[in-house]
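Working through the structure, step by step
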Amino acid sequence: MIHNRSYGSGHLSHPMRQSLILMAMVLLALLAFATTAYAHAVTEGDKGYIQEVSGMKLIPFMYLGAKHMVTGYDHLLFLFGVVFFLYKMKHVAIYVSLFAIGHSTTMLAGVYFGWNVSAYLIDAIIGLSVVYKALDNLGAYQRWFGFQPDTKAATLIFGFFHGLGLATKLIEYDIAPNGLIPNLLAFNVGVEIGQLIALAMILIVMGYWRKTTSFWKHAYTANVVMMSAGFILFGMQMTGYFVA
């Protein structure tokens, strides 16, 4: 997808060392957070609300959907990777729309039909989606295998897994059948609103960063850190699968 990438090399400059330290701190924070919350986790307060309410509750479910997306670090990592080298808004819109279609489809279908899939395995695949996107940004597939995977198809497919990951959690909380469909639709609308909010923040930060001389110097490091975070999420979920 991205050609003619040029990353900084040689000795690490002082800003580069600072960047590495900052990114290491982010990883440690992610690990600390991950010890108490898995990807797609719903807080205890939200869980109690979901289990207790019955009937159409459109605004509350919309709020819960938006809250999930804005605080969903797995989604944010993947979105960050997707838009990392996208400079035109039309390209951003295409990729984010594909992710939203995949995410919405399996979230709604998974809850409605009660698909019984291991949340740990799905979330492990979601961790690998972050790894995949980081490697794609680094041009690894072209160097290793001599071809470029279809990035649009990959974004859609991983969107399916991201949505299924959320569905597995919602199923555990036994949403009341009374008002199920409108509540799910409201939740999904909230997810998309939250995605737009998160995307806007990411694009603002990326816009400022791309204007600096440090962008190409640190682009490689940023994607390596993102890849490491994906492997951490994968290992955490697989550990949970075998231990639980």
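Everything quoted here is computed from the prediction, not taken from an experiment.

Moving on: the overall build of the chain. The helix and strand inventory of the chain stands at 10 helices and zero strands. Reading the chain from its N terminus to its C terminus gives the helix and strand order α-α-α-α-α-α-α-α-α-α. Per-residue burial for the chain yields a buried fraction of 49% across its 244 residues. Intrachain contacts of the chain at a sequence separation of at least 6 include 86% that bridge at least 24 residues.

Moving on, we come to the packing of helix 5 (residues 89–113) against helix 9 (residues 180–210). Two elements in contact, helix 5 and helix 9, have axes whose closest approach is 11 Å; the angle formed by their N-to-C orientations is 150 degrees. Between helix 5 and helix 9, the angle is such that the two are roughly antiparallel. Here helix 5 and helix 9 pass one another in a crossing that is right-handed. Between helix 5 and helix 9, the residues in contact are Met89, Val92, Val96, Phe99, Ala100, His103, Ser104, Met107, Leu108, Val111 and Tyr112 and Leu180, Ile181, Leu184, Leu185, Phe187, Asn188, Val191, Glu192, Gln195, Leu199 and Leu203, respectively. Here the contact of helix 5 with helix 9 is composed, by residue class, of 17 nonpolar, four polar and one charged.

What follows covers the environment of Ala219. In this fold, Ala219 is placed in helix 10 (residues 214–243). Ala219 sits in the buried class, given a relative accessible area of 0%.

Taking 1.5 Å per residue as the helical rise, helix 5 with its 25 residues ought to reach 36 Å, and the 35 Å between its terminal C-alpha atoms agrees with that figure. A positive backbone phi angle near 65 degrees is found at Gly114, which sits one or two residues after helix 5.

Confidence in the prediction of the chain, expressed as mean pLDDT, is 84, and 81% of residues score 70 or more. Element-level pLDDT for the chain is lowest in helix 1 (residues 14–34), with a mean of 52, against a maximum mean of 96 in helix 6 (residues 119–137). Long-range and interchain partners of residues 1–12, a stretch whose pLDDT sits below 50, account for 28 contacts in this model, where long-range means more than four residues apart. Here residues 30–39 is modelled with pLDDT under 50, and outside its nearest four sequence neighbours on either side it reaches 16 contacts, counting other chains as well.

In this section: the pattern of salt bridges. Summed over all chains, the structure comprises one salt bridge. Residues Asp136 and Lys133 are paired through a salt bridge, measuring 2.7 Å at the closest nitrogen-oxygen approach. With Asp136 and Lys133 both in helix 6, this residue pair falls three residues apart, about one helical turn. The same class applies to Asp136 and to Lys133, which are both buried.

What follows deals with the side chain of His68. Its place among the elements puts His68 in helix 3 (residues 58–71). At 3.1 Å, the side chain of His68 forms a polar contact with the side chain of His75.

The next point concerns a nonpolar patch on the surface. Taken together, Tyr112, Phe113, Trp115, Val117, Ile181 and Leu185 make up a surface patch of nonpolar side chains, about 600 Å² in accessible area. For the nonpolar patch, the secondary-structure elements that each account for two or more residues are helix 5 and helix 9.

Let us look at the packing of helix 9 against helix 10. Following both chains from N to C, one finds helix 9 and helix 10 inclined at 125 degrees, their axes separated by 9 Å at the closest point. One way to sum up the angle between helix 9 and helix 10 is to call them oblique. For the pair helix 9 and helix 10, contact is made by Met206, Trp209 and Arg210 and by Ser214, Phe215, His218, Ala219 and Ala222, respectively. Among the residues forming the contact of helix 9 with helix 10, the class breakdown is five nonpolar, two polar and one charged.

With that settled, the discussion passes to the packing of aromatic side chains. Throughout the structure, instances matching the rule amount to 17 aromatic pairs. Seen in terms of ring centroids, Phe78 and Phe99 are 5.2 Å apart; in terms of plane orientation they differ by 40 degrees. Their pairing is tilted. A residue pair is termed long-range when its members are at least 10 positions apart, and Phe78 in helix 4 (residues 73–83) and Phe99 in helix 5 qualify at 21 residues. Owing to a relative accessible area of 1%, Phe99 belongs among the buried residues under this scheme. Judged by centre distance (5.3 Å) and plane angle (25 degrees), the ring pair of Tyr132 and Tyr141 falls under stacked. Classification of Tyr132 as buried rests on a relative accessible area of 14%. Residue classification places Tyr141 among the buried residues on the basis of a relative accessible area of 10%. Taken together, the ring pairs connect Phe80, Phe84, Phe85, Trp209, Phe215 and Trp216 into an aromatic cluster. Lying across the ring of Tyr208, Lys211 places its NZ or CZ 5.8 Å from the centre.

What counts and what doesn't
Residues numbered from 1 in each chain as written. Predicted model: local features only at pLDDT ≥ 70, side-chain atom pairs only at ≥ 80, totals over all residues. Heavy atoms only, no water. Helix = DSSP H or I, 4+ residues; strand = E, 2+ residues; numbered from the N terminus. Buried < 20%, exposed > 50% of the residue type's maximum accessible area, 1.4 Å probe, protein only. Contact = heavy atoms within 4.5 Å. Axes fitted to C-alpha atoms, helices over the stretch in contact; angles between N-to-C directions. Parallel < 35°, antiparallel > 145°, perpendicular 65-115°, else oblique. Left-handed = near helix turned anticlockwise from the far one by under 90°. Nonpolar A, V, L, I, M, F, W, Y, C, P; charged D, E, K, R; others polar. Expected span 1.5 Å × (residues − 1). pLDDT = per-residue confidence, 0-100. Salt bridge = Lys/Arg side-chain N within 4 Å of Asp/Glu carboxyl O. Polar contact = N/O pair within 3.5 Å; in protein donor to acceptor, adjacent residues only side chain to side chain. Patch = residues over 30% accessible without salt bridge, like charges linked within 9 Å, V, L, I, M, F, W, Y side chains within 5 Å. Areas by Shrake-Rupley, 256 points an atom, 1.4 Å probe, with all protein chains shown as cover. Phe/Tyr/Trp six-rings, centres within 6.5 Å; stacked < 30°, edge-to-face > 60°. Lys NZ or Arg CZ within 6 Å of the ring centre and 35° of its normal.

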